[in-house]
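Listed here are the chains, written in short residue letters.
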Amino acid sequence: LCARDGGSANDACAETPPDATFVPRPDGAIGGRWREPDEPGGAPLPSWRPDAGFTVCPAGWSLDRDRACMPIEARCEGESEALPGGACVPRASPTCEENPLPADLPPDAVTLRVRAGAVVEGADGSSERPFASITRAIESAAPDAWVLVAPGTYTERVTVLDRALHLRGACWERTVIRAPADLAERGVVAVVGASARLDLGDISVEGPRGSVWAEGGASLVASRVRVGPSTNVGFYVGGAGTRAALDRALVRDVSPNAAGQNGLGIRVDGDASLTLRDVAIVRATNLGLATVGAGTRVEGERVLVRDVRESGAAGVPHLGLRALDGAVVRLRGVVIDRAFTAGVASVGGGSRVELDGALITDVRPRTGLPSRGIYTELGGAVVARHITVRDNQGPGVAAYHPGSSVVLEDATVLAHTSAGAYASDSAALILTRVELAQNVGAGVSVNMGARAALTDVIVRTTRTSMSGNQGHGAEALREASLSARGLLV
């Protein structure tokens, strides 16, 4: 080919300087030579090791013997759940008095009182003549009034339409709003409309068809609340301009409908936004936190998703957290423990999940579906820093289809039944300061035009599959590409 009439491209046979390090040649060959460790620009010394994995854990996390950061968990009593970082939620109420005054009650606030079993005739909302139902108090409330609810169980649907209101219980342990048996509408507590604003606190909400519901541009703040048991969805925020904040709260025991669908702990869609602070989602079904649609935003810190249950319904995903069709989720301090098809998923162009300080563990399907700790497809993206992905069935992280990507920084990917990190069909992996250990088949695998860029990465103790095949440190197959700067296998 290099003869004058050989037909090669003009630069295909250019000479490589004899002292050059390895360089790619235009014809696909490798030019140059290996440099010994004692030469300038030479190979690493045998003692060299990239600075991969965690160096410092986030506050409230500690480094274990597998070089993985794990959250410090508190011992929690009763129905409280341990959050990443050492707190419990909901925290135990200090008191549960008959006539409590909220600590943030303004001096000039208008108050109305409610007590279960109170005499209906002559009730005016005073301490002496409280209303027997929350609905009756809301009907009588002036704008921005405070409705103070005594301990007890209130079987009714509470609706706030086009008004501002504060609704506070005596304590979440003993102040319960429960759905009527014949409830046909969505939401046991519902706040609806662009001028509707509800401050909800120190209360529990139980019932079907969505326990707490905000839509139509409403604003909702829920603090020190327990939501569930429920069906379909525990906490829903939907519609353009709808805003909600959930603070120091537990969403629990959300069951699917009769067809096995839904059962979502929290759902946010339709260009709505939600802020989470110290929130646990426990024993939801199919999805712990579901976000859908362009413009939909969720952000927050210290979030637990645990025990996402499987309904077995055909075609229903079973995920800890999902961003779908352009939704964006940004969370700090996250634990996703015991899901099924994936711990975290980002699906569709514009969908994005950003995590800082996270543990994703024990994702194991029971219906024969494939599973992953983290996955993206159809153009979705996940960016995760200070993250441990461990003990999941299937790949630790996986990306599929053009435009999809997973970016990991300061991470440990440990003990999976398939590759530690996998990409196919032109997706991308970008791994910086990552350790991948005790995975099966390959530490890093890219296939079918996918690409991986590795910086300061360690791949160790990769095991063969059950059939005895593979066991590779890093591989690129079928027109895929892999580049590395600082890689130890």
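It should be noted that the structure appears before, not after, this text.
Reading the values: rules and limits
- Position labels on residues start from 1 in each chain and follow its written sequence.
- Where totals are concerned, whole chains, interfaces and linings use all residues; where local detail is concerned, this predicted model gives features only for residues with pLDDT of at least 70, and gives and counts side-chain atom pairs only at 80 or more.
- The basis for the side-chain values is all heavy atoms of the structure; hydrogens and waters are excluded.
- Each helix is a run of H or I in the DSSP string that is no shorter than four residues. Each strand is a run of E no shorter than two, and both are numbered from the N terminus.
- Burial here depends on accessible area, computed with a 1.4 Å probe over protein chains only, as a share of the maximum for the residue type. Under 20% is buried, over 50% is exposed, and the range in between is partly exposed.
- Throughout, a residue-residue contact means that at least one pair of heavy atoms, one from each residue, lies within 4.5 Å.
- Note on areas: Shrake-Rupley, 1.4 Å probe, and residue coverage restricted to the protein chains presented here.
- In this tally, Lys and Arg are treated as positive and Asp and Glu as negative; His is ignored, and so are the chain termini.
- Think of each charge as sitting on NZ of Lys, CZ of Arg, CG of Asp or CD of Glu.
- Salt-bridge detection follows one rule: a side-chain nitrogen of Lys or Arg within 4 Å of a carboxyl oxygen of Asp or Glu.
- When two cysteine sulfur atoms lie within 2.5 Å, the pair is treated as a disulfide.
- Whether two strands pair comes down to DSSP finding at least two bridges between them.
- Note on patches: the residues involved have over 30% relative accessible area and no salt bridge, like charges join within 9 Å, and the nonpolar side chains Val, Leu, Ile, Met, Phe, Trp and Tyr join within 5 Å.
- Whenever two N or O atoms come within 3.5 Å, that pair is a polar contact, provided that in protein one can donate a hydrogen and the other can accept it, and provided that, for residues adjacent in sequence, both atoms are side-chain atoms.
- Definition of nonpolar core: a set of buried residues of the types Ala, Val, Leu, Ile, Met, Phe, Trp, Tyr and Cys, connected through side-chain atoms within 4.5 Å.

**Examining the overall build of the protein**
Here is step 1: If you tally the helices and strands in the protein, you get one helix and 37 strands.
Here is step 2: Expressed along its principal axes, the backbone C-alpha trace of the protein runs to roughly 105 × 45 × 45 Å.
Here is step 3: The buried share among the 489 residues of the protein stands at 52%.
Here is step 4: Across the protein, contacts joining residues at least 24 apart in sequence account for 57% of those joining residues at least 6 apart.
Here is step 5: When the accessible surface of the protein is split by element, carbon and sulfur atoms take 49% of a total near 20800 Å².
Here is step 6: Here the protein contributes 49 positive and 56 negative side-chain charges, whose respective centroids are spaced 2 Å apart.

**Some thoughts on the pattern of salt bridges**
Here is step 1: One pass over the structure, following the stated rule, counts 37 salt bridges.
Here is step 2: Linking Asp 64 and Arg 390 is a salt bridge whose minimum nitrogen-to-oxygen distance equals 2.8 Å. Remark: Arg 390 occurs in strand S29 (residues 381–390) and Asp 64 occurs in the loop between strand S3 (61–63) and strand S4 (69–71); sequence separation between them is 326 residues.
Here is step 3: Of the residues examined, Asp 64 reaches a relative accessible area of 25% and is grouped as partly exposed.

**Digging into the state of the cysteines**
Here is step 1: Tallied over the entire structure, the rule returns three disulfides.
Here is step 2: Note that Cys 76 is cross-linked by a disulfide to Cys 88, the S-S spacing being 2.0 Å. Residues Cys 76 and Cys 88 share a disulfide whose torsion about the S-S bond is about -90°; that sign makes it left-handed. Within this pair, whereas Cys 76 is found in the loop between S4 and strand S5 (81–82), its partner Cys 88 is found in strand S6 (residues 88–89), the two being separated by twelve residues in sequence.
Here is step 3: Classification of Cys 76 as partly exposed rests on a relative accessible area of 26%.
Here is step 4: Across the disulfide, Cys 96 is cross-linked to Cys 171 (sulfur-sulfur distance 2.0 Å). Classification of the bridge connecting Cys 96 and Cys 171 rests on its S-S torsion, roughly -70°, and on that basis the disulfide is left-handed. Here Cys 171 lies in the loop between strand S11 (164–169) and strand S12 (175–178) and Cys 96 lies in the loop between S6 and strand S7 (111–114), a separation of 75 residues in the sequence.

**Quick look at the pairing of strand S34 (residues 442–447)**
Here is step 1: For S34, the tally of buried residues reaches six of six residues, placing the bulk of the element in the interior.
Here is step 2: Pairing of strand S32 (residues 421–424) with S34, which is carried by four bridges, proceeds in the parallel orientation. When the sheet's bridge partners are listed, Ala 423 is paired in S34 with Val 446.
Here is step 3: The sheet contact formed by S34 and strand S36 (residues 472–477) spans five bridges and is parallel. Looking across to S36, one finds that Val 446 is bridged to Ala 476.

**Observations regarding a nonpolar patch on the surface**
Here is step 1: Residues Phe 22, Ile 30 and Trp 34 make up a contiguous nonpolar surface patch of about 370 Å² in total accessible area.
Here is step 2: Relative to the assigned elements, Phe 22 resides in the segment before strand S1 (23–24).
Here is step 3: Owing to a relative accessible area of 47%, Phe 22 belongs among the partly exposed residues under this scheme.

**Observations concerning the environment of Ala 245**
Here is step 1: Checked against the element boundaries, Ala 245 lands in strand S18 (residues 243–252).
Here is step 2: Classification of Ala 245 as partly exposed rests on a relative accessible area of 24%.
Here is step 3: Counting along the chain gives 182 residues from Ala 245 to Ala 427, while the straight-line C-alpha distance between them is 34 Å.
Here is step 4: In contact with Ala 245, other than residues within four places in its own chain, are Leu 220, Val 221, Ala 222, Leu 274 and Thr 275.

**Things to note about the side chain of Asn 286**
Here is step 1: The topology assignment puts Asn 286 in the loop between strand S21 (273–282) and strand S22 (287–292).
Here is step 2: Given a relative accessible area of 1%, Asn 286 falls into the buried group.
Here is step 3: Here Asn 262 takes part through its backbone oxygen, which lies 2.7 Å from a polar atom of the side chain of Asn 286.
Here is step 4: A polar atom in the side chain of Asn 286 sits 3.2 Å from the side chain of His 318.
Here is step 5: Filtering out sequence-adjacent residues up to four positions away, Asn 286 remains in contact with Pro 256, Gly 260, Gln 261, Asn 262, Val 308, Arg 309, Glu 310, Ser 311, Val 316, Pro 317, His 318 and Leu 319.

**Regarding the nonpolar core**
Here is step 1: One finds Phe 235, Leu 246, Ile 266, Leu 355, Ile 387 and Leu 408 to be the most contacted residues of the largest nonpolar core, which totals 94 residues.
Here is step 2: Ignoring sequence-local partners within four residues, the contact set of Ile 266 consists of Val 233, Phe 235, Leu 246, Val 251, Leu 274, Leu 276, Val 279, Ile 281, Gly 288, Leu 289 and Ala 290.
Here is step 3: Leu 319, Ala 345, Ala 398 and Tyr 400 belong to the second largest nonpolar core, which has 16 residues in total.

**A short note on the pairing of strand S26 (residues 342–347)**
Here is step 1: Across the six residues that make up S26, a large majority, six, are buried.
Here is step 2: Sheet topology note: the strand S24 (residues 319–324)/S26 ladder contains five bridges and is parallel. The partner of Leu 319 across the bridge, within S26, is Ala 342.
Here is step 3: Strand direction decides the pairing type here: S26 and strand S28 (residues 372–377), joined by five bridges, are parallel. Across the sheet, the residue bridging to Ser 346 is Thr 376, located in S28.

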